[in-house]
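Close look at the chain arrangement
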Amino acid sequence: MDFSDRILSWYAQNKRDLPWRKTRDPYNVWLSEIIMQQTRVAQGLPYYLRFIERFPEVADLARASEEEVLKTWQGLGYYSRARNLHATAQRVATDYQGTFPATYKELMDLKGVGPYTAAAIGSICFDLLTPVVDGNVYRVLSRYFGVELPVNSGEGSRYIADLAGQVMSKESPGNYNQALMEFGALQCIPRNPDCLACPLSDSCVALAKKKVSQLPVKLPKKAVRKRYFNYFMPVDPDFQTLLIKRKDKGIWRGLYEFPLLESELELPDEKAEAQILEGVFTQLNEPLKFVKCNPIPLVHKLSHQHLFVTFRILYLGHGLRGGVPITKMQSYPVPIPIANFMETVKNSYF
DNA sequence: AACGCGGGGGC
DNA sequence: GCCCCAGCGTT
(Lines give C-alpha, C1' and ligand atoms only; values in the text may rest on other atoms or scores of the structure.)
Protein backbone atom coordinates (compact mmCIF):
# COMPACT_ATOMS: atom_id res chain seq x y z
CA MET A 1 0.00 0.00 0.00
CA ASP A 2 1.23 3.47 -0.80
CA PHE A 3 0.99 6.52 1.44
CA SER A 4 -2.55 7.57 0.57
CA ASP A 5 -3.95 4.03 0.80
CA ARG A 6 -2.52 3.58 4.26
CA ILE A 7 -3.89 6.93 5.38
CA LEU A 8 -7.33 6.00 4.03
CA SER A 9 -7.18 2.57 5.66
CA TRP A 10 -6.23 4.10 9.00
CA TYR A 11 -9.05 6.64 8.64
CA ALA A 12 -11.68 3.99 7.99
CA GLN A 13 -10.87 2.43 11.36
CA ASN A 14 -10.15 5.50 13.47
CA LYS A 15 -12.23 8.45 12.32
CA ARG A 16 -14.32 10.35 14.82
CA ASP A 17 -18.06 10.60 14.45
CA LEU A 18 -18.46 14.33 13.75
CA PRO A 19 -21.73 15.98 12.64
CA TRP A 20 -20.28 17.70 9.56
CA ARG A 21 -19.12 14.32 8.28
CA LYS A 22 -22.72 13.14 7.92
CA THR A 23 -23.40 15.43 4.97
CA ARG A 24 -21.84 16.88 1.82
CA ASP A 25 -24.06 19.94 1.87
CA PRO A 26 -21.73 22.86 1.11
CA TYR A 27 -23.44 25.05 3.70
CA ASN A 28 -22.70 22.62 6.51
CA VAL A 29 -19.19 21.90 5.26
CA TRP A 30 -18.38 25.58 4.75
CA LEU A 31 -19.70 26.49 8.20
CA SER A 32 -17.70 23.73 9.87
CA GLU A 33 -14.52 24.69 8.03
CA ILE A 34 -14.76 28.35 9.01
CA ILE A 35 -15.45 27.48 12.64
CA MET A 36 -12.62 24.96 12.77
CA GLN A 37 -9.94 27.35 11.43
CA GLN A 38 -7.21 27.50 14.10
CA THR A 39 -9.66 25.85 16.48
CA ARG A 40 -9.80 22.46 18.18
CA VAL A 41 -12.75 20.17 17.61
CA ALA A 42 -13.67 20.18 21.30
CA GLN A 43 -13.92 23.97 21.25
CA GLY A 44 -15.63 24.38 17.87
CA LEU A 45 -18.16 21.55 17.99
CA PRO A 46 -20.71 23.21 20.31
CA TYR A 47 -20.54 26.36 18.17
CA TYR A 48 -21.22 24.36 15.00
CA LEU A 49 -24.28 22.74 16.60
CA ARG A 50 -25.53 26.12 17.82
CA PHE A 51 -25.10 27.76 14.40
CA ILE A 52 -26.91 24.92 12.60
CA GLU A 53 -29.74 25.02 15.10
CA ARG A 54 -30.08 28.77 14.92
CA PHE A 55 -29.37 29.15 11.19
CA PRO A 56 -30.43 25.85 9.51
CA GLU A 57 -29.80 27.18 6.00
CA VAL A 58 -27.60 29.80 4.42
CA ALA A 59 -30.62 32.06 3.92
CA ASP A 60 -31.23 32.10 7.67
CA LEU A 61 -27.67 33.21 8.30
CA ALA A 62 -27.90 35.82 5.54
CA ARG A 63 -31.08 37.28 7.10
CA ALA A 64 -29.58 37.56 10.59
CA SER A 65 -28.03 40.78 11.86
CA GLU A 66 -24.28 40.98 12.24
CA GLU A 67 -24.85 41.49 15.96
CA GLU A 68 -26.68 38.20 16.22
CA VAL A 69 -23.94 36.40 14.30
CA LEU A 70 -21.25 37.93 16.52
CA LYS A 71 -23.22 37.03 19.64
CA THR A 72 -23.49 33.40 18.51
CA TRP A 73 -19.76 33.48 17.76
CA GLN A 74 -18.88 35.06 21.13
CA GLY A 75 -16.02 33.22 22.85
CA LEU A 76 -14.65 31.52 19.75
CA GLY A 77 -12.11 34.23 18.91
CA TYR A 78 -10.80 35.56 15.59
CA TYR A 79 -13.99 37.55 15.17
CA SER A 80 -13.27 38.55 11.58
CA ARG A 81 -14.28 34.96 10.79
CA ALA A 82 -17.79 35.77 12.04
CA ARG A 83 -18.04 38.99 10.04
CA ASN A 84 -16.78 37.27 6.89
CA LEU A 85 -19.11 34.33 7.54
CA HIS A 86 -22.06 36.69 7.57
CA ALA A 87 -20.91 38.56 4.45
CA THR A 88 -20.40 35.32 2.54
CA ALA A 89 -23.81 33.98 3.57
CA GLN A 90 -25.36 37.13 2.11
CA ARG A 91 -23.26 36.84 -1.05
CA VAL A 92 -24.29 33.20 -1.58
CA ALA A 93 -27.94 34.00 -0.86
CA THR A 94 -28.06 36.87 -3.33
CA ASP A 95 -25.36 36.38 -6.00
CA TYR A 96 -25.67 32.58 -6.09
CA GLN A 97 -29.36 32.21 -5.19
CA GLY A 98 -28.48 30.20 -2.09
CA THR A 99 -26.36 27.59 -3.89
CA PHE A 100 -22.63 27.53 -3.16
CA PRO A 101 -20.30 27.77 -6.19
CA ALA A 102 -18.57 24.53 -7.15
CA THR A 103 -15.21 25.70 -8.47
CA TYR A 104 -12.01 26.38 -6.55
CA LYS A 105 -11.69 29.83 -8.09
CA GLU A 106 -15.19 30.93 -7.12
CA LEU A 107 -14.83 29.49 -3.63
CA MET A 108 -11.56 31.41 -3.19
CA ASP A 109 -13.41 34.61 -4.04
CA LEU A 110 -15.67 34.25 -0.97
CA LYS A 111 -14.69 36.30 2.09
CA GLY A 112 -13.02 34.18 4.73
CA VAL A 113 -12.33 31.35 2.28
CA GLY A 114 -8.63 30.92 1.52
CA PRO A 115 -6.56 28.13 -0.07
CA TYR A 116 -7.23 25.65 2.73
CA THR A 117 -10.98 26.17 3.01
CA ALA A 118 -11.55 26.31 -0.76
CA ALA A 119 -9.67 23.03 -1.14
CA ALA A 120 -11.63 21.44 1.70
CA ILE A 121 -15.06 22.47 0.40
CA GLY A 122 -14.09 21.68 -3.19
CA SER A 123 -12.88 18.18 -2.43
CA ILE A 124 -15.51 17.22 0.14
CA CYS A 125 -18.56 18.64 -1.63
CA PHE A 126 -17.60 18.60 -5.30
CA ASP A 127 -14.88 15.92 -5.65
CA LEU A 128 -12.31 18.48 -6.80
CA LEU A 129 -8.72 17.20 -6.74
CA THR A 130 -7.60 20.01 -4.43
CA PRO A 131 -5.21 18.98 -1.63
CA VAL A 132 -5.72 20.65 1.73
CA VAL A 133 -2.72 22.03 3.58
CA ASP A 134 -3.35 22.81 7.23
CA GLY A 135 -1.35 22.46 10.43
CA ASN A 136 -1.90 18.71 10.49
CA VAL A 137 -0.73 18.27 6.91
CA TYR A 138 2.42 20.31 7.56
CA ARG A 139 3.25 18.06 10.47
CA VAL A 140 2.44 14.68 8.89
CA LEU A 141 4.16 15.34 5.56
CA SER A 142 7.21 17.07 7.03
CA ARG A 143 7.78 14.08 9.30
CA TYR A 144 6.96 11.27 6.89
CA PHE A 145 9.05 12.76 4.07
CA GLY A 146 11.67 14.30 6.35
CA VAL A 147 11.16 17.89 5.18
CA GLU A 148 13.44 20.14 7.23
CA LEU A 149 12.54 23.45 5.61
CA PRO A 150 10.64 25.72 8.00
CA VAL A 151 6.97 25.11 7.22
CA ASN A 152 6.08 28.71 8.03
CA SER A 153 8.50 30.05 5.42
CA GLY A 154 7.52 30.72 1.84
CA GLU A 155 9.78 28.03 0.44
CA GLY A 156 8.73 25.47 3.07
CA SER A 157 5.00 26.01 2.64
CA ARG A 158 5.28 25.84 -1.15
CA TYR A 159 7.26 22.61 -0.85
CA ILE A 160 4.70 20.98 1.44
CA ALA A 161 1.80 22.15 -0.72
CA ASP A 162 3.46 20.66 -3.79
CA LEU A 163 4.11 17.41 -1.92
CA ALA A 164 0.50 17.29 -0.75
CA GLY A 165 -0.67 17.44 -4.36
CA GLN A 166 1.67 14.65 -5.44
CA VAL A 167 0.69 12.14 -2.74
CA MET A 168 -3.04 12.78 -2.59
CA SER A 169 -5.55 10.09 -3.51
CA LYS A 170 -7.29 10.73 -6.82
CA GLU A 171 -10.14 8.34 -5.99
CA SER A 172 -11.91 10.13 -3.18
CA PRO A 173 -10.18 13.46 -2.57
CA GLY A 174 -12.60 14.67 0.06
CA ASN A 175 -12.33 11.53 2.11
CA TYR A 176 -8.57 11.49 1.71
CA ASN A 177 -8.15 15.13 2.75
CA GLN A 178 -10.16 14.54 5.91
CA ALA A 179 -8.23 11.33 6.52
CA LEU A 180 -4.86 13.06 6.38
CA MET A 181 -5.99 15.79 8.78
CA GLU A 182 -7.56 13.27 11.15
CA PHE A 183 -4.34 11.27 11.09
CA GLY A 184 -2.44 14.38 12.15
CA ALA A 185 -4.98 15.21 14.84
CA LEU A 186 -5.12 11.76 16.44
CA GLN A 187 -2.01 9.75 15.50
CA CYS A 188 0.82 12.03 14.28
CA ILE A 189 0.24 14.53 17.10
CA PRO A 190 2.59 17.46 17.87
CA ARG A 191 4.20 16.08 21.02
CA ASN A 192 5.07 12.52 21.99
CA PRO A 193 3.29 10.70 19.16
CA ASP A 194 2.90 6.94 19.62
CA CYS A 195 5.11 5.93 16.70
CA LEU A 196 5.12 2.27 17.80
CA ALA A 197 1.43 2.14 16.99
CA CYS A 198 1.73 4.06 13.70
CA PRO A 199 0.84 2.29 10.43
CA LEU A 200 3.45 4.41 8.61
CA SER A 201 6.33 3.71 10.99
CA ASP A 202 8.19 1.43 8.55
CA SER A 203 8.68 4.23 6.04
CA CYS A 204 8.64 7.44 8.08
CA VAL A 205 11.85 9.41 7.44
CA ALA A 206 11.62 11.40 10.69
CA LEU A 207 11.27 8.21 12.73
CA ALA A 208 14.22 6.55 10.96
CA LYS A 209 16.38 9.61 11.60
CA LYS A 210 15.05 10.05 15.16
CA LYS A 211 13.83 13.53 14.29
CA VAL A 212 10.14 13.17 15.02
CA SER A 213 10.29 15.58 17.95
CA GLN A 214 12.17 18.14 15.84
CA LEU A 215 9.70 18.23 12.95
CA PRO A 216 8.07 20.25 11.63
CA VAL A 217 10.67 23.04 11.80
CA LYS A 218 9.13 26.43 12.52
CA LEU A 219 10.61 29.92 12.47
CA PRO A 220 10.35 31.64 15.88
CA LYS A 221 7.39 33.91 16.42
CA LYS A 222 7.36 37.45 17.69
CA ALA A 223 7.24 38.16 21.40
CA VAL A 224 3.83 38.86 22.86
CA ARG A 225 2.83 42.45 23.42
CA LYS A 226 1.72 43.61 26.85
CA ARG A 227 -1.21 45.99 27.08
CA TYR A 228 -3.09 47.52 29.98
CA PHE A 229 -6.86 47.84 29.68
CA ASN A 230 -8.58 49.90 32.38
CA TYR A 231 -12.35 49.51 32.10
CA PHE A 232 -14.93 51.42 34.03
CA MET A 233 -18.51 50.28 34.25
CA PRO A 234 -20.75 53.25 34.90
CA VAL A 235 -23.97 52.57 36.79
CA ASP A 236 -26.60 55.26 36.89
CA PRO A 237 -29.58 55.64 39.26
CA ASP A 238 -31.79 53.73 36.79
CA PHE A 239 -29.34 50.79 36.76
CA GLN A 240 -28.14 51.55 33.28
CA THR A 241 -24.57 51.17 32.08
CA LEU A 242 -22.68 52.04 28.90
CA LEU A 243 -21.45 49.71 26.15
CA ILE A 244 -19.35 50.95 23.24
CA LYS A 245 -18.68 49.11 19.98
CA ARG A 246 -15.00 48.62 19.06
CA LYS A 247 -14.75 50.01 15.55
CA ASP A 248 -11.09 50.45 14.72
CA LYS A 249 -9.05 47.59 13.38
CA GLY A 250 -7.33 45.39 15.86
CA ILE A 251 -8.44 43.13 18.63
CA TRP A 252 -12.14 42.46 19.19
CA ARG A 253 -13.33 44.60 16.27
CA GLY A 254 -17.12 44.71 16.20
CA LEU A 255 -17.57 43.60 19.82
CA TYR A 256 -18.85 45.79 22.66
CA GLU A 257 -17.05 46.88 25.80
CA PHE A 258 -17.34 49.27 28.72
CA PRO A 259 -15.63 52.67 28.46
CA LEU A 260 -11.91 51.95 28.27
CA LEU A 261 -8.69 53.73 29.08
CA GLU A 262 -5.69 51.93 27.64
CA SER A 263 -2.12 52.54 28.74
CA GLU A 264 1.05 51.01 27.31
CA LEU A 265 2.51 50.78 30.82
CA GLU A 266 1.02 49.65 34.05
CA LEU A 267 -0.38 52.60 35.91
CA PRO A 268 0.13 53.17 39.61
CA ASP A 269 -3.23 52.73 41.22
CA GLU A 270 -3.70 56.35 42.26
CA LYS A 271 -2.73 57.57 38.82
CA ALA A 272 -5.17 55.16 37.22
CA GLU A 273 -7.93 56.43 39.43
CA ALA A 274 -7.18 60.02 38.52
CA GLN A 275 -6.95 59.32 34.79
CA ILE A 276 -10.10 57.26 34.86
CA LEU A 277 -12.02 60.01 36.56
CA GLU A 278 -10.79 62.43 33.94
CA GLY A 279 -11.66 59.90 31.21
CA VAL A 280 -15.15 59.52 32.60
CA PHE A 281 -15.58 63.23 32.57
CA THR A 282 -14.48 63.63 28.95
CA GLN A 283 -16.16 60.51 27.55
CA LEU A 284 -19.47 61.07 29.26
CA ASN A 285 -19.09 64.80 28.93
CA GLU A 286 -20.71 65.23 32.31
CA PRO A 287 -19.48 65.77 35.86
CA LEU A 288 -19.73 62.96 38.35
CA LYS A 289 -21.69 63.51 41.49
CA PHE A 290 -20.66 60.38 43.26
CA VAL A 291 -17.98 57.86 42.44
CA LYS A 292 -16.92 54.63 44.04
CA CYS A 293 -14.12 52.56 42.56
CA ASN A 294 -13.63 48.83 43.05
CA PRO A 295 -10.71 47.72 40.87
CA ILE A 296 -10.87 44.03 39.88
CA PRO A 297 -7.59 43.00 38.17
CA LEU A 298 -7.02 40.03 35.90
CA VAL A 299 -4.65 38.88 33.14
CA HIS A 300 -6.16 37.78 29.83
CA LYS A 301 -3.62 35.84 27.79
CA LEU A 302 -3.93 35.64 24.02
CA SER A 303 -1.45 34.00 21.69
CA HIS A 304 -0.07 37.37 20.60
CA GLN A 305 -0.93 39.71 23.49
CA HIS A 306 -1.09 39.67 27.27
CA LEU A 307 -3.82 41.96 28.47
CA PHE A 308 -3.66 43.28 32.03
CA VAL A 309 -7.26 44.19 32.65
CA THR A 310 -8.91 46.05 35.48
CA PHE A 311 -12.59 46.73 35.99
CA ARG A 312 -13.95 49.55 38.13
CA ILE A 313 -17.58 50.10 38.91
CA LEU A 314 -18.49 53.78 38.93
CA TYR A 315 -21.74 54.82 40.55
CA LEU A 316 -23.10 57.92 38.88
CA GLY A 317 -25.32 60.49 40.51
CA HIS A 318 -27.16 61.24 37.28
CA GLY A 319 -28.83 59.34 34.44
CA LEU A 320 -26.93 58.14 31.34
CA ARG A 321 -28.10 59.06 27.86
CA GLY A 322 -27.91 56.09 25.50
CA GLY A 323 -27.44 53.76 28.44
CA VAL A 324 -28.00 50.01 28.43
CA PRO A 325 -30.05 48.43 31.23
CA ILE A 326 -27.82 46.17 33.29
CA THR A 327 -30.39 43.41 32.86
CA LYS A 328 -29.84 43.59 29.07
CA MET A 329 -26.07 44.00 28.90
CA GLN A 330 -25.38 40.28 28.47
CA SER A 331 -27.29 40.19 25.18
CA TYR A 332 -24.49 42.16 23.47
CA PRO A 333 -21.52 40.42 21.82
CA VAL A 334 -18.53 41.09 24.08
CA PRO A 335 -14.99 39.74 24.55
CA ILE A 336 -14.52 36.89 26.99
CA PRO A 337 -13.09 38.95 29.89
CA ILE A 338 -16.04 41.36 29.63
CA ALA A 339 -18.49 38.46 29.53
CA ASN A 340 -16.87 36.94 32.60
CA PHE A 341 -16.99 40.24 34.45
CA MET A 342 -20.67 40.72 33.54
CA GLU A 343 -21.46 37.25 34.80
CA THR A 344 -19.66 38.02 38.06
CA VAL A 345 -21.40 41.32 38.77
CA LYS A 346 -24.84 40.70 37.25
CA ASN A 347 -26.39 39.83 40.62
CA SER A 348 -24.58 42.53 42.56
CA TYR A 349 -26.63 45.13 44.36
CA PHE A 350 -25.93 48.28 42.41
C1' DA B 1 6.81 37.94 3.05
C1' DA B 2 5.47 39.43 7.53
C1' DC B 3 2.15 40.50 10.70
C1' DG B 4 -2.20 40.70 13.47
C1' DC B 5 -5.93 38.26 14.92
C1' DG B 6 -8.76 34.73 20.34
C1' DG B 7 -9.37 31.49 23.18
C1' DG B 8 -8.60 27.10 25.19
C1' DG B 9 -6.12 22.82 26.24
C1' DG B 10 -2.10 19.75 26.93
C1' DC B 11 2.16 19.06 29.04
C1' DG C 1 5.25 29.02 30.53
C1' DC C 2 5.13 27.38 25.85
C1' DC C 3 3.07 25.34 21.88
C1' DC C 4 -0.63 24.15 19.07
C1' DC C 5 -5.07 24.23 16.88
C1' DA C 6 -9.50 21.89 9.82
C1' DG C 7 -6.01 29.89 8.31
C1' DC C 8 -7.20 34.37 6.42
C1' DG C 9 -6.85 39.30 5.31
C1' DT C 10 -4.00 43.18 5.25
C1' DT C 11 0.12 45.66 4.48
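Residues numbered from 1 in each chain as written. Chains lettered and ligands numbered in written order. Predicted model: local features only at pLDDT ≥ 70, side-chain atom pairs only at ≥ 80, totals over all residues. Heavy atoms only, no water.

An unreviewed UniProt entry lists chain A under the name Adenine DNA glycosylase, with Robiginitalea aurantiaca given as the organism. Within the UniProt record for chain A, the comment given under Sequence similarities (unreviewed entry) is "Belongs to the Nth/MutY family." Per UniProt, chain A has the following entry under Function (unreviewed entry): "Adenine glycosylase active on G-A mispairs. MutY also corrects error-prone DNA synthesis past GO lesions which are due to the oxidatively damaged form of guanine: 7,8-dihydro-8-oxoguanine (8-oxo-dGTP)." (UniProt positions renumbered as here; feature names shortened; annotations may be inferred.)

Some points on the overall build of chain A
Regarding its fold elements, chain A presents 14 helices and eight strands. C-alpha atoms of chain A, sized along the principal axes, occupy 80 × 50 × 35 Å. The buried share among the 350 residues of chain A stands at 48%. Intrachain contacts of chain A at a sequence separation of at least 6 include 67% that bridge at least 24 residues. Carbon together with sulfur atoms contributes 52% to the accessible area of chain A, which is approximately 18100 Å² in total. Chain A carries 43 positive and 36 negative side-chain charges, and their two centres are separated by 3 Å. (Helix = DSSP H or I, 4+ residues; strand = E, 2+ residues; numbered from the N terminus. Buried < 20%, exposed > 50% of the residue type's maximum accessible area, 1.4 Å probe, protein only. Contact = heavy atoms within 4.5 Å. Areas by Shrake-Rupley, 256 points an atom, 1.4 Å probe, with all protein chains shown as cover. Lys, Arg positive; Asp, Glu negative; His and termini not counted. Charge placed at Lys NZ, Arg CZ, Asp CG, Glu CD.)

Comments concerning the sheet that holds strand 5 (residues 260-263)
Strand order in the open sheet made by the four strands is 5-1-7-6, with mixed pairing throughout. With partners counted over all chains shown, the strands left at the sheet margins are strand 5 and strand 6 (296-301), one partner each. Mean inter-strand twist for the sheet, computed between neighbouring axes without regard to direction, equals 20°. As paired strands, strand 6 and strand 7 (residues 305-315) are joined by six bridges and run antiparallel to one another. Note on strand 7: the bridge partner recorded for Leu298 is Val309. Sitting on the sheet, helix 14 (residues 336-345) touches strand 1 (225-235), strand 6 and strand 7, and the angle it makes with strand 7 is about 35°. (Pairing = 2+ DSSP bridges. Axes fitted to C-alpha atoms, helices over the stretch in contact; angles between N-to-C directions.)

Quick word on the protein's contact with DNA strand B
Taken together, 23 residues are adjacent to DNA strand B, and Tyr79, Trp252, His300, Ser303 and Gln305 come closest. If you look at DNA strand B and keep only atoms within 4 Å of the protein, 55% of those are sugar or phosphate atoms. Arg158 is positioned with one of its side-chain polar atoms (N or O) 3.5 Å from a phosphate oxygen of DNA strand B. Between Arg191 and DNA strand B, the recorded distance is 2.9 Å, taken from a side-chain N or O atom to a base nitrogen. The class makeup of the residues in the surface near DNA strand B is eight nonpolar, 10 polar and five charged. (Near = heavy atom within 4 Å. Polar contact = N/O pair within 3.5 Å; in protein donor to acceptor, adjacent residues only side chain to side chain. Nonpolar A, V, L, I, M, F, W, Y, C, P; charged D, E, K, R; others polar.)

A closer look at the protein's contact with DNA strand C
Among the 27 residues in the neighbourhood of DNA strand C, the closest are listed as Arg40, Gly112, Thr117, Arg139 and Lys249. At 2.7 Å, a side-chain N or O of Thr117 approaches a phosphate oxygen of DNA strand C. At a separation of 2.3 Å, a phosphate oxygen of DNA strand C approaches a polar side-chain atom of Arg139. When contributions to the surface near DNA strand C are tallied by element, the ones reaching two or more residues are helix 2 (26-36), helix 8 (115-126), helix 9 (135-144) and helix 11 (173-186). Among the residues forming the surface near DNA strand C, the class breakdown is eight nonpolar, 10 polar and nine charged.

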